[in-house]
Every structure is written in C-alpha cells, then in structure tokens.
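Chain residues, written in single-letter form:
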Amino acid sequence: MVAAVVVGVLTAVAPAGAPAPSALPTTPAPEVPEVPVLAGGDGPSALRAGLGRSDYGPLGDPGRLAGCLGAHGVPAGARPVGARQVVVDGRAGVLFVLPTGVAARFRVLVVEPACAAGAPLTLSDTLVGR
C-alpha cells in the first residue's frame, strides 16, 4: 500500500512525457585558461603574452617566487609587471615580464615550473624594447 502512494506522488510531481530527472545536477566545467605556445627567441610575442597578466601558476607562493627570481639576479622586492604560464619550445614554463629601469624595455624571463633558489631552470631570457 505504501508503494502505491509513493508511485502516485512521483507521478503527480513529474508531468507525463517529461524526461526523468538526473541523479546529479550538471554544472559546466570550469574554464581553463589558454596557455600560449611560444618560441624561445620570440621576445616580442612573449612580451605581449605576459604583460599585465598575473598567472604565476606553480610559482604563486611568494617564497618560491622570490627564490626563483633571486636565482636569476632579480633584486629582492622587484615585482614582475606580468606573469603567465606558457609553453616554450615544447616545454611548460612560467613567463615573467620584468621592468629594467629603462622606459619601454623589459626583461622577458621564462623558467621551468620547478625554478627555485639555487636552481634557476631557465628556458628563455630576453631583453625586449629599446
């Protein structure tokens, strides 16, 4: 008798011909940011890809970032004006756009994600601009 009541309630809730509700609601997959593919010697393209971005990827921890940049001779406290995960010559990396102190001139540094103090792991290091 209880089964008949449950069936009647379910039938009353779902209109005839309506698709059966799924067990789990569907949510759209999170959008994955596009990772630029660059050539190591193409400084202008790398500059455009990274300037103004803030995707530090695996180097987002301030201590790791400071250690990596210090391993490349970047003065303590210097902050990139752009950072982005990239692929350079088929290898995953993190691109940093660093000011040089000269107007319209930037240092574009690309390192492996495991870059740290004492282990620079440089993929590309280029000056771009005048």
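In what follows, the structure referred to is the one given above.
Notes on the structure follow. None of these values were measured; they are calculated from a predicted model.

1. Here's the deal with empty space enclosed by the protein
Tallying each qualifying case throughout the model produces one cavity of 30 Å³ or more. When its volume is computed, the largest cavity comes out at roughly 50 Å³. In terms of lining, the largest cavity is formed by Leu38, Ala39, Gly40, Asp42, Gly43, Ala46, Val88, Val108, Val110, Ser124 and Thr126. Mapped by element, the contributors of at least two residues to the lining of the largest cavity are helix H2 (43-50), strand E4 (105-111) and strand E5 (122-129). Along the lines of polarity and charge, the residues of the lining of the largest cavity split into six nonpolar, four polar and one charged.

2. Things to note about helix H3 (residues 62-71)
Listed in full, the buried residues belonging to H3 are Leu65, Gly67, Cys68 and Leu69. Each element contacted by the buried residues of H3 is listed here: strand E3 (91-99) and E4. For H3, the N-terminal cap is Asp61; the gap from its side-chain oxygen to the backbone nitrogen of Gly63 is 3.1 Å. Following H3 by one or two positions, Gly73 adopts a phi angle in the positive range, close to 80 degrees.

3. Overview of the environment of Thr100
With respect to the element layout, Thr100 can be found in the loop between E3 and E4. For Thr100, a relative accessible area of 32% corresponds to the partly exposed category. Measuring from C-alpha to C-alpha, the distance between Thr100 and Leu127 comes to 8.8 Å, with 27 residues separating the pair along the chain. When residues no more than four places from it in sequence are discounted, the contact partners of Thr100 are Arg105, Phe106, Arg107 and Leu127. At 3.2 Å, the side chain of Thr100 and the backbone nitrogen of Val102 are in polar contact. For Thr100, the side chain forms a polar contact with the main-chain oxygen of Arg105, separated by 2.8 Å.

4. Here we look at the packing of aromatic side chains
Scanning the entire structure with this criterion turns up one aromatic pair. For the pair Tyr56 and Phe96, a centre-to-centre distance of 6.1 Å together with 40 degrees between the ring planes defines the contact as tilted. Of this pair, Tyr56 sits in the loop between H2 and H3 while Phe96 sits in strand E3, and the two are 40 residues apart along the sequence. With relative accessibility at 0%, the residue Phe96 sits in the buried group.

5. Focus on the pairing of E4
Most of E4 sits inside the fold, with five of its seven residues counted as buried. One ladder, built from six bridges, connects E3 with E4; its direction is antiparallel. Bridging from a neighbouring strand, Val97 pairs with Val108 of E4. The turn joining E3 and E4, which pair antiparallel and follow one another in sequence, is formed by five residues; a positive phi near 90 degrees is taken by Gly101. Inspection of the sheet shows E4 paired to E5 by seven bridges, in the antiparallel sense. Along E5, the bridge assignment pairs Val111 with Thr122.

The rules we used
- Along each chain, numbering runs from 1 in the same order as the chain's sequence is written.
- Totals for whole chains, interfaces and linings use every residue, but because this is a predicted model, local features are given only for residues with pLDDT of at least 70 and side-chain atom pairs only at 80 or more, for both listing and counting.
- Side-chain numbers come from the whole structure's heavy atoms, not from hydrogens or water.
- Think of a 1 Å grid over just the protein atoms. A cavity is a set of points where a 1.4 Å probe fits yet cannot get out, a pocket is an open set with protein on both sides within 12 Å along at least five of seven lines, and lining residues have an atom within 4 Å of a point.
- Grid points are joined across faces, edges and corners, and a volume is the space filled by probe spheres set on the points.
- Numbering of helices and strands starts at the N terminus; helices are DSSP runs of H or I of at least 4 residues and strands are runs of E of at least 2.
- Three classes are used, and their members are as follows: Ala, Val, Leu, Ile, Met, Phe, Trp, Tyr, Cys and Pro are nonpolar, Asp, Glu, Lys and Arg are charged, and the others, Gly among them, are polar.
- Any residue under 20% of the maximum accessible area for its type is buried, any over 50% is exposed, and the rest in between are partly exposed; the area is computed with a 1.4 Å probe on protein chains only.
- Whether two residues touch is decided by their heavy atoms; if any such pair falls within 4.5 Å, the residues are in contact.
- For this analysis, a polar contact is any N or O atom pair within 3.5 Å, provided that within protein one partner can donate a hydrogen and the other can accept it, and provided that sequence-adjacent residues contribute only side-chain to side-chain pairs.
- The pairing test for Phe, Tyr and Trp rings, Trp by its six-membered ring, is centres within 6.5 Å, and the orientation test on the planes gives stacked under 30 degrees, edge-to-face over 60, and tilted for anything in between.
- We call two strands paired when DSSP finds no fewer than two bridges between them.

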